[in-house]
Amino acid sequence: MLNLTPLQSLPANLRREALEAALRAGAPDEADPIVGALLDLPRRGKRLQTLESAAIAWDRLSPESRRDLLRYAGRRLSVLVENLSTSVDPRRRRAAARLTSVSPRTDAHALLARLVADHEPPVAAAAAEEILRLAASAIQTNNEQLLTLAAAQYHVHRRQEILAAILERAPCAGPDLEAWLADESQPAHMALRSMLRRDDRPGARAGAVRMLARASFAPAACDRLRRADDASEHAAALALWPLLRHPRRRRALARLADGAPLLPVETDVPRLPLDARLGRVQLVRTLRMTGEARAAALAPCLADDAAAPKLAAVATLGAGPLTDAEVELLRDFTFDHDARVARSAAAALLATERHELLAEHWGRAGASPHACVREIAALAPSADFLRDPVTARLAMLREPDRFIIVLRARIARAPAQDRLRAIALCRRLGLAPRAELELLGAAADADARVASAAARTLGGAPGPTTRDALIRLAMHPDPRVRANAVEAARGRSGVASMIEAKAADPHHRVRSGALAAWFHAAPDLVAERLRGMLADDRPEERLAALWAARAAGVQRVAPDVARIALDGASAAERRSATRCARALLLGAGPSASAPAVNEPLEVAA
């Protein structure tokens, strides 16, 4: 049993040294009485020395003794922590790390970041434990700042637990951690990527899905996703399938040469929950796979009891040109027991051009138990009736329902050249209102040719949705799209401000279309600007002005037009000026010989 009575006869300084030596050598249950004896020493200006001697036993003290020590320290606690942190004794530096959490110091985070880089492992470990404890505390407001400060010193301390805490919090990072993760100059990023690749914690696969959105960590996240996992890990990751719609995640996954390892094995698919089975289909849609591999990956959906994964699989198959394997799988879906799945598969097949493979299939589909499938089978095409305008008109008169179904599907999903031909037929036949949704989708296509053709055709579709889309398209980076959007918006309500803004567009074709549409609102200003364009040295500016003058019937520029008709620099320019002059002579407004709203310029810009 500990007996401190013999120490009472020693002077205060020697008693303090003896008690500190006893603290260092004593058992854990002896720390409370030794610290009590230290705190009973005469103070007389030696309080800090006493506190420094007692603080080395902080880990072994009972809650009551800790409260006694803090009361004894009072306002000197901050000074105590500073003195301990700069001590040559590693035990005292370790005590400084432990006392940081109860210290009122404003720079406690910086102190812990310094101690975690200490050359003594016990000191660094204590500081790392305090950082992680404070970072996990719900009442700590700057917990992320602690982690980032410590991570900035990773090249010194190499504490893996700091990076593990950052990796755990990265999917829901706050401002401080977000800024650190975005700073690619941080030396710890390489170690964090390595840890991400090797992460075996429960839920690590789901965390890797979230990390795909970070460009510098996406390759490491893909490497982690390629590692084999059990069904539960796959289920947790695939349940996050809405995140796969994020453009950066889609791009990261699309760069994979072989996405098969990211998918669970086929035998595990039936054991996955519904949201994970649906997520698996969404992942297949995102990955870069051959048609045969995609069909093989989606084949297990045929046996799924739920309709949602099968509908998603059909939508995935119908999103682009089909290979023979994908056509075969869609044929199987056509005979699904769920009418919604069967109808979606039949509609996707109807939009394909693989008629040589489907002639026999449509005969069997005509006996389907689902009336909707039988109706689609009755509309099945025997030839491509969108190949030219005459064939299209005859087909529309003969089978209007089938014609509209195929036209919409061709605008929405066909290759670029076929889409352009279908959009042109839609405009020529005046069917824009019946294919408005598909045209709006085509107007957002990455191919500027498709977007400009769709913008031009949308001029025949009334309504506020189309108007808002044309206003957005008028800001498109491609001048062809802007020009067609401006011309298609002509005569609509609610577009005056956009037309006025585009009248100053840097591209001549966009500007001429806006001036033609703006003429009735500001005739003097439009006439003045057209005169300036007609006198321009650039032939494309003059041709655009002639088109606008003819389209709007701007009589005030007739002398300028007549001059170009006589002295134009090229035959095309003189021919265009002659047509414009003839139109202006027929009346004060736009005449029957004026160009239509969507008629393009004679010479491409």
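Basis of the calculations
- Residues numbered from 1 in each chain as written.
- Predicted model: local features only at pLDDT ≥ 70, side-chain atom pairs only at ≥ 80, totals over all residues.
- Heavy atoms only, no water.
- Helix = DSSP H or I, 4+ residues; strand = E, 2+ residues; numbered from the N terminus.
- Contact = heavy atoms within 4.5 Å.
- Areas by Shrake-Rupley, 256 points an atom, 1.4 Å probe, with all protein chains shown as cover.
- Buried < 20%, exposed > 50% of the residue type's maximum accessible area, 1.4 Å probe, protein only.
- Core = buried A, V, L, I, M, F, W, Y, C linked by side-chain atoms within 4.5 Å.
- pLDDT = per-residue confidence, 0-100.
- Axes fitted to C-alpha atoms, helices over the stretch in contact; angles between N-to-C directions.
- Parallel < 35°, antiparallel > 145°, perpendicular 65-115°, else oblique.
- Nonpolar A, V, L, I, M, F, W, Y, C, P; charged D, E, K, R; others polar.
- Salt bridge = Lys/Arg side-chain N within 4 Å of Asp/Glu carboxyl O.
- Polar contact = N/O pair within 3.5 Å; in protein donor to acceptor, adjacent residues only side chain to side chain.

1. Topic: the overall build of the chain
Thinking step 1. Across its full length, the chain carries 37 helices and zero strands.
Thinking step 2. The contacts of the chain with a sequence gap of at least 6 include a subset with a gap of at least 24, amounting to 63%.
Thinking step 3. Of the accessible surface of the chain, which amounts to about 27900 Å², a share of 55% is contributed by carbon and sulfur atoms.

2. Focus: the side chain of T334
Thinking step 1. If you trace the backbone, T334 turns up in the loop between α21 (324–333) and α22 (339–350).
Thinking step 2. Apart from residues no more than four positions distant in its own chain, T334 is found in contact with A342, A345, A346, L349, H361, A365 and V373.

3. Here we look at the environment of R531
Thinking step 1. Of note, R531 is situated in helix α34 (residues 523–534).
Thinking step 2. On the basis of relative accessible area, R531 is assigned to the partly exposed category, the value being 34%.
Thinking step 3. With eleven residues separating them along the chain, R531 and R542 place their C-alpha atoms 9.2 Å apart.

4. Notes on the nonpolar core
Thinking step 1. By size, the foremost hydrophobic cluster in this structure holds 165 residues, and its most contacted members are L253, F403 and L530.
Thinking step 2. Among the elements that take part in this core, helix α35 (residues 539–552) stands out by supplying eight residues, more than any other.

5. A closer look at the confidence of the model for the chain
Thinking step 1. Across the chain, the average pLDDT comes to 79, with 81% of residues at or above 70.
Thinking step 2. Here helix α3 (residues 47–55) stands out as the element of the chain with the lowest mean pLDDT, 65, in contrast to helix α29 (residues 448–457), whose mean of 93 is the highest.
Thinking step 3. Per-residue pLDDT stays below 50 along residues 588–594; that stretch engages in 13 contacts with residues further than four places along the chain or on separate chains.
Thinking step 4. Counting contacts from residues 600–605, a segment whose pLDDT is below 50, to residues more than four positions away or on other chains yields 14 contacts.

6. Some remarks on helix α6 (residues 90–99)
Thinking step 1. Buried residues dominate α6, accounting for seven of its ten residues.
Thinking step 2. The set of residues buried in α6 consists of R92, R93, A95, A96, A97, R98 and L99.

7. Digging into the packing of helix α11 (residues 160–169) against helix α13 (residues 189–198)
Helix-helix packing is described using two parameters, namely the angle between the two axes and the distance between the axes.
Thinking step 1. Relative to each other, α11 and α13 sit at 70°, their axes nearing to 10 Å. Judged on the interaxial angle alone, α13 and α11 are roughly perpendicular. On α13, the residues that touch Q160, L163, A164, I166 and L167 of α11 are A191, L192, M195 and L196.
Thinking step 2. Residue composition of the contact of α11 with α13, by class: eight nonpolar, one polar and no charged.

8. Considering the pattern of salt bridges
Thinking step 1. With the rule as written, the count across this model stands at 25 salt bridges.
Thinking step 2. R340 is the salt-bridge partner of D338, the closest N and O atoms lying 3.1 Å from each other.
Thinking step 3. Judged by its relative accessible area of 15%, D338 falls in the buried class.
Thinking step 4. Notably, a salt bridge pairs R449 with D447, separated by 2.9 Å at the nearest N-O pair.
Thinking step 5. The exposure class of R449 is partly exposed, given its relative accessible area of 35%.
Thinking step 6. Three or more residues joined by partner-sharing salt bridges are found here, namely R511, D536, R538 and E541.

9. Brief notes about the packing of helix α18 (residues 274–286) against helix α19 (residues 291–298)
Thinking step 1. It is at 10 Å that the axes of α18 and α19 come closest, and there the two elements cross at 180°. Between α18 and α19, the crossing angle belongs to the class labelled roughly antiparallel. Here R280, V281 and V284 of α18 lie close against α19, whose contacting residues are R294, A297 and L298.

10. Describing the environment of S85
Thinking step 1. One can find S85 in helix α5 (residues 77–85).
Thinking step 2. Judged by its relative accessible area of 4%, S85 falls in the buried class.
Thinking step 3. Measuring from C-alpha to C-alpha, the distance between S85 and A97 comes to 7.5 Å, with twelve residues separating the pair along the chain.

11. What about the environment of S570?
Thinking step 1. Its location among the elements puts S570 in the loop between α36 (558–567) and α37 (571–585).
Thinking step 2. Judged by its relative accessible area of 31%, S570 is partly exposed.
Thinking step 3. A sequence separation of 31 residues divides S570 from P539, and the C-alpha atoms of the two residues are 8.7 Å apart.
Thinking step 4. Polar contacts involving the side chain of S570 include one to the main-chain amide nitrogen of E573, which spans 3.2 Å.

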